[in-house]
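# Notes for the structure review
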Amino acid sequence: MAIEKTFVAVKPDGVRRGLIGEIIKRFEQRGLKIVGMKMLWADEEFASEHYFEHKEKPFFGRLKEHITSGPVVAMAVEGADSISVTRKIVGPTGGDVAPLGTIRGDLGHMGIKHACEKGKICLNLVHASDCKENAEREIKLWFKPEELHTYKRADEDEVM
Ligand code: UDP
Ligand code: MG
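If you're wondering where the values come from, they're calculated on a predicted model, not measured in any experiment. (Residues numbered from 1 in each chain as written. Chains lettered and ligands numbered in written order. Predicted model: local features only at pLDDT ≥ 70, side-chain atom pairs only at ≥ 80, totals over all residues. Heavy atoms only, no water.)

## A closer look at unusual backbone geometry
Rules: Helix numbering and strand numbering both begin at the N terminus, where a helix is a DSSP run of H or I of at least 4 residues and a strand a DSSP run of E of at least 2.
Although it is not a glycine, D81 adopts a positive phi angle of roughly 50°. In this fold, D81 is placed in the loop between strand 3 (72-80) and helix 5 (82-90). Phi angles above zero are rare outside glycine, and L125 is one such case at about 75°. Looking at where L125 falls in the secondary structure, it is placed in the loop between helix 6 (103-107) and strand 4 (126-128).

## What to know about the sheet that holds strand 2 (residues 33-40)
To be explicit about the condition: For two strands to count as paired, DSSP must find a minimum of two bridges between them. Every angle, taken between N-to-C directions, lies between 0 and 180 degrees, and every axis is a line fitted to C-alpha atoms, over only the stretch in contact when it is a helix. Whether two residues touch is decided by their heavy atoms; if any such pair falls within 4.5 Å, the residues are in contact.
Strand order in the open sheet made by the 4 strands is 2-3-1-4, with antiparallel pairing throughout. Either end of the sheet is taken by a strand with one partner, and the two such strands are strand 2 and strand 4. Averaged over all neighbouring strand pairs, the angle between strand axes comes to 20°, with direction disregarded. Relative to strand 3, strand 1 (residues 3-10) runs antiparallel, the two sharing 8 bridges. The residue of strand 3 that forms the bridge with E4 is G79. Lying on the sheet, helix 5 is in contact with strand 1, strand 3 and strand 4; it crosses strand 1 at an angle near 35°. Taken strand by strand, helix 7 (residues 132-142) contacts strand 1, strand 2, strand 3 and strand 4, and its axis lies near 60° from that of strand 1.

## Quick word on the site of ligand 1
The criterion, for reference: What makes a residue near a molecule or strand is one non-hydrogen atom of that residue sitting within 4 Å of it. Here a polar contact is taken to be a pair of N or O atoms separated by no more than 3.5 Å, where protein atoms must pair a possible hydrogen donor with a possible acceptor and residues adjacent in sequence count only if both atoms sit in side chains. Surface exposure here means Shrake-Rupley accessible area, sampled with a 1.4 Å probe, where a residue is shielded only by the protein chains that are shown. In this classification, Asp, Glu, Lys and Arg are treated as charged, Ala, Val, Leu, Ile, Met, Phe, Trp, Tyr, Cys and Pro as nonpolar, and every other residue, Gly included, as polar.
Every residue close to ligand 1 is listed here: K11, Y51, H54, F59, L63, R87, T93, R104, K120, I121, C122 and N124. Side-chain polar atom of T93 to an oxygen atom of ligand 1: 2.7 Å apart, as the coordinates give it. C122 has a polar backbone atom sitting 2.7 Å from an oxygen atom of ligand 1. In the complex, 79% of the free accessible area of ligand 1, which totals 490 Å², lies under the protein chains. Looking at the shell around ligand 1 residue by residue, the classes come out as 5 nonpolar, 3 polar and 4 charged.

## Quick notes on the nonpolar core
Keep this limit in mind: For the purposes of this section, nonpolar cores are sets of buried Ala, Val, Leu, Ile, Met, Phe, Trp, Tyr and Cys residues that join through side-chain atoms within 4.5 Å. Throughout this description, buried means an accessible area under 20% of the type-specific maximum (1.4 Å probe, protein chains only), exposed means over 50%, and partly exposed covers the range between.
Counting residues in each nonpolar core, the largest one holds 20 residues, and the members touching the most others are V8, I23, F27, M75, I103, L125 and V126. If you list the elements that add at least two residues to this core, you get strand 1, helix 2 (20-29), strand 3, helix 5, helix 6 and strand 4. If near-sequence neighbours (up to four positions away) are discounted, M75 is found in contact with T6, F7, V8, V10, I24, I34, G36, M37 and F143. Membership of the second largest hydrophobic core comes to 18 residues, among which are F7, A42, A76 and W142.

## Some points on the packing of aromatic side chains
Note on aromatic pairs: each is described by the distance of the centres and the angle between the planes. Let me state the cut-off plainly: Working definition: rings of Phe, Tyr and Trp (its six-membered ring) pair if their centres are within 6.5 Å, and the pair is stacked with planes under 30 degrees apart, edge-to-face with planes over 60 apart, and tilted otherwise. Ring-over charges, as used throughout, are those where CZ of Arg or NZ of Lys falls within 6 Å of the ring centre and within 35 degrees of the ring normal.
The tally for this structure, following the rule as stated, stands at 3 aromatic pairs. On the numbers, 5.0 Å between centres and 25° between planes, the contact of F7 with W142 is stacked. Taken together, the positions of F7 in strand 1 and W142 in helix 7 put the pair 135 residues apart, joining distant regions of the chain. Given a relative accessible area of 3%, W142 falls into the buried group. The structure contains a cluster of three or more aromatic residues connected by ring pairs, namely F7, F46, W142 and F143. The positively charged end of K33 is found above the aromatic ring belonging to Y151, 5.4 Å away from the centroid.

As structure tokens, then:
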């Protein structure tokens, strides 16, 4: 078990649907600590850097269009194994296949309208870094060092 930081963002579709609070709650209630948070509107250059691993993919242009279509709530999230734990809380990419109990499974499927239609960007509400290297890179990209905070959650003192 390692205490690590990861990068999580409520994407523009999550912000537009009024799900910021609901999404943040899922991480907080699992005991993860928000150590940095802000709302910002990424431009195309910033989006290219964030998603650079997808630059050869056919959906890269549409992906950038989506992430720059509105403001994003960016978070640095700290906790034991936070990279894999946040990915579990978020769920698999497609809201139509994500299990119930995950953010994407519970909130990412819009009934008969698929959240992950072929040829379209999956409107899956949230981003979470997928490995240590990307977590470090993404936190550095989205946050200045002074925007990250060190504090104790109340429940950290309650562990016997
Ligand atoms: N995406 C998509 N179609 C795909 C693969 C990805 O629309 O076939 C979008 C989707 O919004 C996803 C993002 O691109 O969240 C980044 O893709 P990735 O494979 O990194 O998925 P994630 O890590 O977000 O689950
Ligand atoms: Mg990814």
